[in-house]
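# A closer look at the structure
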Amino acid sequence: MKRHDDDLDRKLDGLLEGIREERLDADTADRAADRVWDTVRAEAESRPGTGESAGPIRPGDDYEALIPGYVAGTLSEAKRLLVEDHMRESVTFRKQVIRAREGGAAAEAVVPRSARRRVWATEWSWALAAAVLLTVSLVGLRFDLGILSVKTGGVVTIKQVDGELLRVNAAGAVPIRAGEMIRLDPGQDRIRTAKDSRAVLTLSDGSEVEMNERSQLAVLERHSRLGGERQDSTIQLDRGSVIVEAADQGDGRLFVETDQCKVEVTGTVFAVNHGMKGSRVSVFEGEVQVHAGRTDVLHPGDQVVTNPAVDRVPMDQEIAWSANVDRHLALLAELTQLGKELDQVVAGPAARHSTRLLDSAPANTAVYIAIPNFSGALGDAYEHVQARVSANPVLKQWWDESLVPSGADRELDRAIGKLRGYGEQLGEEIVVTLQADAAGDVQDPLILAQTVRPAEFRDLLIREFEQFAAAHENAPGLVIREGQPAAVTHDSRRGIKADLFVWLHDGLAAVSTDSAPIDALIAGGGGSPFGATAFRDRIAEVYRDGAEWLVAVDLERFMRDNAGDATLERMGLLDLRHLIVDRRDDPGRSDMRAVLSFNQARRGMASWLAAPAPMGSLDFVSQDASLAAAFVIREPAALLDELFSFIGSDDEDFSAELAEFEREHGFDIRKDFAEPLGGEFAFALDGPVLPKPSWKLVVEVYDPARLQGSIALALEQINRWRADEGRPGLTLVTEQVGARTFHVIRIADSGLEAHYAFVEGYLVATPSRVLLTRALELRENGVTLPRSHRFMELVPRNGQLNFSAVAYQHLGPVLAPAAGALRGLGSLSPEQAEMLRAITEQSAPTLTYAYGGRDRIVVATSSNQGLFESGLSLFKLQSLMELQRSVDRAVEPGS
């Protein structure tokens, strides 16, 4: 009998395990959900609850009649579910329920909790709940895929269209433009690319879908009935080819369905090609599950077909139709050339060594911004850009896609025209000042400029305001006063208060939205007590050295109102005095400097940046690094003490909690981790970006043995936490190679590794042994970043031999590996390869550096790019990111 029972138990366990492992397709889940909801609805219609009437529930008044019972908690469970479902579908109904809860006309007396428990505890409600839970448990339906979810049409944003893109349904076909956001009607709407057309779509979860020509698809989303949040998305590919870059799905999933297969992902890059003979799925990054009679798990470089008659093809051939590589290479080249042209043909602003406007600023000026009258040069540059856009198809496509859909091109054209018109009437400089009262509150700005032709400037102002007033009912008023004593020569006020006040006198124009600073300026005859302040004297120093673009902030004035703030006092921020930022641009060169000064020697967190010192960490970084940053700080242990003291001052339990944490885990954060460290740190991206970024971390270490023991101790603690979560742990392996000891930390469930070694007072860490060995060889051979020509030509000429912090970035090394990868795949024509080589060579590096002085911090940036070329960097970076995405799709990870 015992053996028989054991056999039955094993068979039952096997049956239940099979049921749990069974994968239900979405249609089966939907049908099950519909049946359950039909049962709930029928039960609600046949069983009246307390104070309810029997009969079917109809839209409108019948739902409204249930509001009092819902608010009071007397509805049956089935009707409560239906009311809440209707609340999610109808905004009007939801507002009625909210008003009832707040005591509106529909509210009734609230039933006590004990009564609500009795209602919930009715026998049939328990039976229904148990049946639903049993169904979910046995069949394996997840809440987000079963009775608590509903399918809707997907929300799609059209990111890019090359050619013609259509929204098709039974009513016909409607063109779609880039920039549009549309919600697809489930079961009705399709998106289709025409002949010789391509498009890029963005789904609501951030995933991107690139469609080849003559492709057609629909998008569905599954949402929770309880909260409405998206849980799963499905791309139904009727025909054609798509490349999908799936965003991280969190707890949800992304599917691509054809009539032969279903592709399931959580975050990856893959291609699906669907034709009459079958479907082909190719994976470039991540993991993909393909269900087509059986389940295949694909990894990077894998490919599966649904029909033996369909051959596998090379991976680069499968995405050869993608125009991204060629397009973005061309755009990068054109933007680089355009920036250099503008810096050569358009004269930039000249340095100003004195100004009348400084002594016209109000006495309570807290912010002083001086910009060159750049309107003429800006207009010339705009004309040059327009000419190049008209003559160059690549630039024209970029212009049309970036500006035309939103109408920004027309707005830009009008703005340039107005700036040019006003600029012709003004002198070489425009100053904007912000005043602060005794409490540090900022008042309305005052704009100052010298006028070339005061009468023409006045007439231009009046004409512009009259044109605006004719087109807008609530147009601002304008008051112009002239001379000394000042007399009103124009007043277009439509109310008690004007919106703009102007004073013109002796070649000076002052403009403000408040009459107070204008009145004060008039009273002083165009001069100002500002000349007696230390803030004014600091700005004058910048002018004497030559000012082009200048921003000055009197931080001391803003800090006065915070004098009693203990937190700011401990941080040392109450000592802030001035912030001065100035920039100069020359053809092929830009320099910017920011000086943050203090009233006394830096203290608190403001003192953490150490004085300039030699940095050996950059000797592990090669000359081809795309990004490198290094800095020196005060003693790490002392900084940690200050940080803990700062936290403890606001949390009296912090010290006890910290001691308990350290006692529980067996280590002392200060002694085990902070004390072994020096004060120098560096990070770099140095090497290929594919398939994984080649990062480097360099840390100065005084006690390697103690730090290594602390690392091992920390990994033991992490492994205990991961074991509690049922996850594999981290492994630490040490290997002796000759006289060198190498260590590696491996994360089993992610494939990530960190290799490191202690070298002459530094810990050097990289993602691979090869990169680590190369870093050590670089240092020995002296072929390092600080000794490169690109780095040294950006170093400033001054008395400093060292830096407190330095950051170097160069676009070229990022492009070079991408070019090599594309050439290796045969994805670049000779012309494209030459284009990318030229872009790589022409890309200019940038150096940012900082000095920590006794009572100031100086931060400066140098670049071999002029004003216009650096201004186009944002567009170049955007195009580079698109190019990198195309490379990611084309390159097999791990190759």
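Quick caveat, the model's predicted, so the values are computed rather than measured.

### A closer look at the overall build of the protein
- When you go through the protein residue by residue, the secondary structure sums to 28 helices and 37 strands.
- When each of the 895 residues of the protein is scored for burial, the buried share is 45%.

### Brief notes about the packing of aromatic side chains
- Tallied over the entire structure, the rule returns 10 aromatic pairs.
- A ring pair is formed by phenylalanine 661 and phenylalanine 667, whose centres lie 5.9 Å apart and whose planes are at 75°; its orientation type is edge-to-face.
- Taking the relative accessible area as the measure of exposure, phenylalanine 667 reaches 12% and is therefore buried.
- Relative to phenylalanine 758, the ring of tyrosine 756 lies with its centre 6.0 Å away and its plane at 90°, an arrangement referred to as edge-to-face. When sorted by exposure, tyrosine 756 lands in the same class as phenylalanine 758, which is buried.
- Lying across the ring of phenylalanine 255, lysine 262 places its NZ or CZ 4.4 Å from the centre.
- The aromatic ring of phenylalanine 742 is capped on one face by arginine 769, whose charged end is 4.3 Å from the ring centroid.

### Brief notes about the nonpolar core
- Residues Leu217 and Val263 are the most contacted members of the largest nonpolar core, which totals 33 residues.
- Counting residues per element, this core draws most heavily on strand E10 (residues 230–245), at four residues.
- Sequence-distant contacts of leucine 217, that is, excluding residues within four places in its chain, are made with Arg190, Ile191, Leu201, Val209, Met211, Ile235, Gln236, Leu237, Asp238 and Val242.

### Description of helix H20 (residues 654–665)
- Counted at 1.5 Å a residue, the expected span for H20 with its 12 residues is 16 Å, and the 16 Å between its end C-alpha atoms agrees.
- If you check which residues of H20 are buried, you get Phe654, Leu658, Glu662 and His665. Along H20, the residues classed as buried sweep out an arc of 80° about the axis, all on the same side. Turned more than 90 degrees away from the buried face of H20 sit Ala656, Arg663 and Glu664, all of them exposed.

### With respect to the environment of glutamine 96
- Counting through the fold element by element, glutamine 96 comes out in helix H6 (residues 91–101).
- Between the C-alpha atom of glutamine 96 and that of glutamate 64, which follows or precedes it by 32 residues, the distance is 8.0 Å.
- Other than its neighbours up to four places away in sequence, glutamine 96 contacts Glu64 and Ile67.

### Description of the confidence of the model for the protein
- Mean pLDDT over the protein works out to 77, with 72% of the residues at or above the 70 mark.
- Overall, residues 47–56 carries pLDDT values under 50, and its contacts beyond four positions in sequence, including any with other chains, amount to 16 contacts.
- A low-confidence stretch, residues 104–147 (pLDDT under 50), is modelled with 60 contacts involving residues beyond four sequence positions or located in other chains.

### Looking at unusual backbone geometry
- For the bond running from glutamine 484 to proline 485, omega is 5°, close enough to zero to count as cis.
- Note on placement: proline 485 falls in the loop between strand E21 (478–482) and strand E22 (487–491).
- For aspartate 506, which is not glycine, the phi torsion reads 55° and is therefore positive.
- Positionally, aspartate 506 belongs in the loop between strand E23 (500–505) and strand E24 (508–512).

### Quick notes on the pairing of strand E19 (residues 426–435)
- The buried fraction of E19 is high, at seven of 10 residues.
- Here E19 runs beside strand E20 (residues 446–451); their pairing, made up of five bridges, is antiparallel. By the bridge assignment for E20, valine 432 is matched with isoleucine 447.

### Brief notes about the pattern of salt bridges
- Counted according to the given criterion, the structure contains 34 salt bridges.
- Residue arginine 663 pairs with glutamate 660 through a salt bridge whose shortest N-O separation is 2.6 Å. Taken together, the residues arginine 663 and glutamate 660, both in helix H20 and three residues apart, mark about one turn of the helix.
- One salt bridge in this structure joins glutamate 780 and arginine 740, with 3.9 Å as the shortest N-O distance. Of this pair, glutamate 780 sits in helix H23 (residues 769–781) while arginine 740 sits in strand E32 (residues 740–747); the two residues are 40 residues apart in sequence, bridging distant segments of the chain.

### Digging into helix H15 (residues 515–523)
- Along H15, the residues that are buried comprise Pro517, Ile518, Leu521 and Ile522. In a view along the axis of H15, the buried residues occupy a sector of 140°, so they form one face of it. Exposed positions of H15 whose direction lies more than 90 degrees from the buried face are Ala520 and Ala523.
- The inward-facing, buried residues of H15 abut E19, E20, E21, E23 and E24.

### Remarks on the side chain of serine 804
- Looking at the secondary structure, you find serine 804 in the loop between helix H24 (789–792) and strand E35 (805–809).
- Given the relative accessible area of 0%, serine 804 is considered buried.
- From its side chain, serine 804 meets the backbone nitrogen of glycine 852 in a polar contact 2.8 Å long.

### A closer look at a nonpolar patch on the surface
- Taken together, the side chains of Leu627, Phe683 and Leu697 make up a nonpolar region of the molecular surface, amounting to roughly 220 Å² of accessible area.
- With relative accessibility at 34%, the residue leucine 697 sits in the partly exposed group.

### Regarding the side chain of serine 207
- Within the secondary structure layout, serine 207 lies in the loop between strand E7 (198–203) and strand E8 (208–211).
- A polar side-chain atom of serine 207 sits 2.8 Å from the main-chain amide nitrogen of alanine 247.
- When neighbours within four sequence positions are excluded, serine 207 is seen to be in contact with Leu201, Thr202, Glu245, Ala246, Ala247, Gln249 and Leu254.

### What about the pairing of strand E30 (residues 695–701)?
- Taking burial as the measure, the seven residues of E30 include five buried ones, the bulk of the element.
- As paired elements, E30 and strand E34 (residues 762–766) share four bridges and run antiparallel to each other. What sits directly across from glutamate 700, in E34, is tyrosine 762.

### With respect to the environment of phenylalanine 631
- Along the chain, phenylalanine 631 falls in strand E28 (residues 627–632).
- Taking C-alpha positions, phenylalanine 631 is 8.8 Å from alanine 850, a pair spaced 219 residues apart along the chain.
- Those residues within four positions of phenylalanine 631 in sequence are excluded, and the remaining contacts are Met615, Gly679, Glu680, Phe681, Ser804 and Ala805.

### Digging into the environment of phenylalanine 465
- Mapped onto the elements of the fold, phenylalanine 465 is located in helix H14 (residues 454–471).
- A C-alpha to C-alpha distance of 8.8 Å links phenylalanine 465 and serine 492, two positions 27 residues apart in sequence.
- Not counting the four nearest positions on each side in its chain, phenylalanine 465 is found in contact with Pro476, Gly477, Leu478 and Leu500.

Cut-offs and rules
- Residues numbered from 1 in each chain as written.
- Predicted model: local features only at pLDDT ≥ 70, side-chain atom pairs only at ≥ 80, totals over all residues.
- Heavy atoms only, no water.
- Helix = DSSP H or I, 4+ residues; strand = E, 2+ residues; numbered from the N terminus.
- Buried < 20%, exposed > 50% of the residue type's maximum accessible area, 1.4 Å probe, protein only.
- Phe/Tyr/Trp six-rings, centres within 6.5 Å; stacked < 30°, edge-to-face > 60°.
- Lys NZ or Arg CZ within 6 Å of the ring centre and 35° of its normal.
- Core = buried A, V, L, I, M, F, W, Y, C linked by side-chain atoms within 4.5 Å.
- Contact = heavy atoms within 4.5 Å.
- Expected span 1.5 Å × (residues − 1).
- Arc of directions from axis to C-beta.
- pLDDT = per-residue confidence, 0-100.
- Pairing = 2+ DSSP bridges.
- Salt bridge = Lys/Arg side-chain N within 4 Å of Asp/Glu carboxyl O.
- Polar contact = N/O pair within 3.5 Å; in protein donor to acceptor, adjacent residues only side chain to side chain.
- Patch = residues over 30% accessible without salt bridge, like charges linked within 9 Å, V, L, I, M, F, W, Y side chains within 5 Å.
- Areas by Shrake-Rupley, 256 points an atom, 1.4 Å probe, with all protein chains shown as cover.

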